[in-house]
Amino acid sequence: MIAYYVHHHGSGHVHRARAIAARLRTPVIGLSSAPRPADWPGRWIRLVDDAGADAVADDVTARGTLHWVPRHHPGLSERMNAISEVLAATGARVLVSDVSVEVALLARLHGVPVVVMAQPGDRTDRPHRLAYDLAARLLAPWPARPQPGWPPEWLAKTVHLGALSRFDDRVPVPASRTGRVVAMWGSGGLDTTTADLRAAAAATPDWAWTVIGPEPAGAKGGLRWAGWLADPWEALCGAEVVVTHGGQNAVAEVAAARRPAVVVAQARPFGEQRATAAALLRARLAVVSARWPEPSRWPGLLRRARLRTGADWARWSPGDGAARAAAELDALAR
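This write-up is about the structure you can find in this document. (Residues numbered from 1 in each chain as written. Predicted model: local features only at pLDDT ≥ 70, side-chain atom pairs only at ≥ 80, totals over all residues. Heavy atoms only, no water.)

Topic: the pattern of salt bridges
The full count for this structure, using the stated rule, is 10 salt bridges. Put simply, Arg306 and Glu240 hold a salt bridge, and the shortest N to O gap is 2.6 Å. With a gap of 66 residues between them, Arg306 in helix α10 (residues 298-306) and Glu240 in the loop between α7 (233-237) and β11 (241-245) connect regions that are remote in the sequence. On the basis of relative accessible area, Arg306 is assigned to the partly exposed category, the value being 27%. For Glu240, a relative accessible area of 4% puts it in the buried group. Among the charged side chains, a network of salt bridges with common partners joins Arg177, Glu240 and Arg306. (Salt bridge = Lys/Arg side-chain N within 4 Å of Asp/Glu carboxyl O. Helix = DSSP H or I, 4+ residues; strand = E, 2+ residues; numbered from the N terminus. Buried < 20%, exposed > 50% of the residue type's maximum accessible area, 1.4 Å probe, protein only.)

See the structure below:
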């Protein structure tokens, strides 16, 4: 049995877990505060939340040892008890943490080997070092590249999967001059506003902008709102250029579709998106900006993106990341 912890913030962790779980040969049980995906291949334990109004605000990091352990919080106690019961009852051979330092530590204290889904950015703080040190394996959902600050012992147990996506088994259609921009934003929180998007569209009248996301109340013209799409593949393949943030899942989906992109890094803890954006810039895979550009810059950014075919994304997303992750987990669970 493989126990698979899935962080509930945003949708990327769930999409990634689904892609890997679908390729596992070993039975898998999901652990998350997120709802069970319809196509999850095994049991799914819905965990209670460990945040919110009831969280005690003092010493939630245990003096910097962990990331989130509010004292006397019933939700935290209940979810950790639930995970412990699963580990004891199922005889889990491996726990995948995507991602939680606390869950990784709990599993290791049960004597269960832990696989941590690594994240970009500066992960050398004390809690991350604890999780990465105790892990039997680190799965990096990006191609091999220098990892500033990573000690040799981390690199020795890291498997660089390349970007992995729920769309890895789909065949992208060749890009064409459609004049369409698809702005794809996630559910994990954004720095960019509707006014920013509208200003960019107004500055590029030769392009037709579509936003994947819910239309805000009172939104004015200049943009087409597609709403939240459970499957944005068709919209991505219909775009000549995709504008997106630097989240791992968003970039992986654009890469799977082999679409030219403008990637705008959003502010995130540990510099996660800025690290990804910097890697894309070094590899010359996308047009990159560290913040939302001024309207006057957008015509040039879209022209530069248009010059790319999108085929170079194969260096970032070879298409077998989920299968390789599943094979690694199956081997560890034997």
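Remarks on unusual backbone geometry
Residue Asp98 is joined to Val99 through a cis peptide bond whose omega torsion reads -15°. Following the sequence through the fold, Val99 ends up in the loop between β4 (94-98) and α3 (101-109). Positive phi, close to 55°, is recorded for Arg63, a residue that is not glycine. One non-glycine residue with positive phi stands out, namely His72, at about 60°. Note that His72 resides in the loop between β3 (43-46) and α2 (74-90).

Overview of the packing of α3 against helix α4 (residues 126-134)
Put simply, α3 and α4 touch, their axes get as near as 9 Å, and they point 40° apart. By the angle class used here, α3 and α4 are oblique. Between α3 and α4 the crossing geometry is left-handed. Residue-level inspection shows Val101, Ala104, Leu105 and Arg108 of α3 in contact with α4, the latter providing Pro127, His128, Leu130, Ala131 and Leu134. For the contact of α3 with α4, a count of residues per class yields seven nonpolar, one polar and one charged. (Axes fitted to C-alpha atoms, helices over the stretch in contact; angles between N-to-C directions. Parallel < 35°, antiparallel > 145°, perpendicular 65-115°, else oblique. Left-handed = near helix turned anticlockwise from the far one by under 90°. Contact = heavy atoms within 4.5 Å. Nonpolar A, V, L, I, M, F, W, Y, C, P; charged D, E, K, R; others polar.)

Observations concerning α10
Residues three or four positions apart in an α-helix share a direction because the helix packs 3.6 residues into each turn. By the burial criterion, the buried members of α10 are Trp298, Leu301, Leu302 and Ala305. Down the axis of α10, the buried side of the element spans an arc of 95°, and every buried residue falls inside it. Contacts made by the buried residues of α10 are with β8 (180-184), α6 (194-202), β9 (208-212), β11, β12 (261-264) and β13 (287-289). (Arc of directions from axis to C-beta.)

Concerning the side chain of His245
Mapped onto the secondary structure, His245 falls in strand β11. His245 sits in the buried class, given a relative accessible area of 8%. One polar contact links His245 to Gln273, side chain to side chain, over a distance of 3.5 Å. (Polar contact = N/O pair within 3.5 Å; in protein donor to acceptor, adjacent residues only side chain to side chain.)

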